[in-house]
Amino acid sequence: MFNPYQTHEVKIIDIIKETPNTRRFILAFKEKKIQKVFDFVPGQILEVSLPPYNEAPFAYCSSPLHHEYFEITIRAVGSLTNAMHKLKKGDTFGVRGPYGNGWPMQEIKNRNILMIAGGIGLIPFRPLIKYICENSEEFTKNIQLFYGAKSEDDLIFKKEYKKWCKNINLHITLDRGKPKKVAGLFCDIGLITTLFDKVKVFPKSLALVCGPPIMCKFVVRKLKALRFSDRDIYLSLERKMECAVGICEHCAVGSFYVCKDGPVFQWSEIKHIKDVI
């Protein structure tokens, strides 16, 4: 049985450059028996450790259906992540997990879906998107994705957009620049909330949100203006996670621990917590 509290060594199979400061790591457990029982739900988190740089949480970004490898995407923003970017194919480091809950998969299969991702908030959506693309017959409703980034250089997973569009209505906006085509898709200009004024949201949709807190705050306002119920809005608070096992208490929000009770929450659960987003 796979023990999520034990650190296991993984080997880097490949590294893909997504943006000038973002890398996607394709990984496999060195112990093959662990790889066979390793399982996660889209939206869950794992902890990465690289001595002497301590550890940090990251979202899975690969399909949950492929057990021979898994992927994480890391933006260089601190000592650990910068050290990770210096690693090469064949190098090893430690991981433990998976932790928390993920996106509500069973409910997603029976509803219109609106995914809203800002910046690297697209990372925890990629496992769900890949699952949808690989199991399109299970999803009979309409699926939309609103994705916003600062600039074209900040867009991640660009080579996959065309494939995603076979099953998902993808809409992209950039904070700055001029309207243009990226990877064959037209990109609007403006904050992600402007997409609500330009694109018709499918009725009775379930909204899934992940991105910077300020983005989430204004996205929720837009969703409420469209009369989304609090129970039909899900937010990932994965940015708040630290130790992932409820010991450090850094991820406490109200009476919840994001690592144990989240990172995905219904808005109805957390809307009354001050400064939750």
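Residues numbered from 1 in each chain as written. Predicted model: local features only at pLDDT ≥ 70, side-chain atom pairs only at ≥ 80, totals over all residues. Heavy atoms only, no water.

## Section: the pattern of salt bridges
All chains considered together, the criterion is met by 14 salt bridges. The salt bridge partner of K180 is E152, with a shortest N-O separation of 3.1 Å. Here K180, found in strand 10 (residues 180-182), pairs with E152, found in the loop between strand 8 (143-149) and helix 5 (161-164); they are 28 residues apart in sequence, far enough to count as distant. Residue classification places K180 among the partly exposed residues on the basis of a relative accessible area of 32%. Looking at E152, the relative accessible area reads 30%, which means it is partly exposed. A cluster of three or more residues bridged by salt bridges with shared partners is formed by E18, R24, E71, R126 and E160. (Salt bridge = Lys/Arg side-chain N within 4 Å of Asp/Glu carboxyl O. Helix = DSSP H or I, 4+ residues; strand = E, 2+ residues; numbered from the N terminus. Buried < 20%, exposed > 50% of the residue type's maximum accessible area, 1.4 Å probe, protein only.)

## Thoughts on unusual backbone geometry
With an omega of 5°, the peptide bond running from G97 to P98 counts as cis. As for its placement among the helices and strands, P98 is situated in strand 6 (residues 92-99). Cis geometry is adopted by the peptide bond preceding P263, which originates at G262 and carries an omega value of 5°. Residue placement: P263 occurs in the loop between helix 8 (258-261) and strand 16 (264-266). One non-glycine residue, K204, lies in the positive phi region at around 55°.

## Concerning the side chain of R24
Mapped onto the elements of the fold, R24 is located in strand 2 (residues 22-29). A polar contact is formed between the side chain of R24 and the side chain of E18, at a distance of 2.8 Å. Side-chain polar atoms of R24 contact the side chain of E71, separated by 2.8 Å. Each residue touching R24, except ones within four places of it in the same chain, is listed here: D14, I15, I16, E18, C61, E71, I72, T73, R126, F157 and E160. (Polar contact = N/O pair within 3.5 Å; in protein donor to acceptor, adjacent residues only side chain to side chain. Contact = heavy atoms within 4.5 Å.)

## As for the pairing of strand 4 (residues 55-59)
Counting buried positions over the five residues of strand 4 gives four, a clear majority of the element. Summarising the sheet, strand 3 (residues 45-49) and strand 4 pair through five bridges and their orientation is antiparallel. In the strand pairing of strand 4, V48 is matched with A56. Between the antiparallel neighbours strand 3 and strand 4 lie five residues, among them N54 with a positive phi of about 65°. (Pairing = 2+ DSSP bridges.)

## With respect to the state of the cysteines
Inspection of the entire model under this criterion finds zero disulfides. A disulfide-free cysteine, C243 has its sulfur positioned 3.7 Å from the sulfur of C248, the nearest such atom. C243 gets classed as buried once you look at its relative accessible area, which sits at 14%. C251 forms no disulfide, and the closest cysteine sulfur to it belongs to C259, at a distance of 3.7 Å. (Disulfide = S-S within 2.5 Å.)

## A word on the sheet that holds strand 4
Taken together, the six strands give an open sheet; going across it, the order is 4-3-6-1-2-5, and neighbouring strands pair in antiparallel fashion. Looking at the sheet topology across the chains shown, the edges are occupied by strand 4 and strand 5 (70-75). Averaged over all pairs of adjacent strands, the angle between strand axes in this sheet comes to 40°, irrespective of strand direction. (Axes fitted to C-alpha atoms, helices over the stretch in contact; angles between N-to-C directions.)

## As for the nonpolar core
Counting 72 residues, the largest nonpolar core has M115, I116, L122, Y147, L208 and L223 as its most contacted members. In contact with L122, other than residues within four places in its own chain, are A117, I129, L145, Y147, I156, F157 and W164. Counting residues in hydrophobic clusters, the runner-up holds 23 residues, among them L27, I72, A83 and V95. (Core = buried A, V, L, I, M, F, W, Y, C linked by side-chain atoms within 4.5 Å.)

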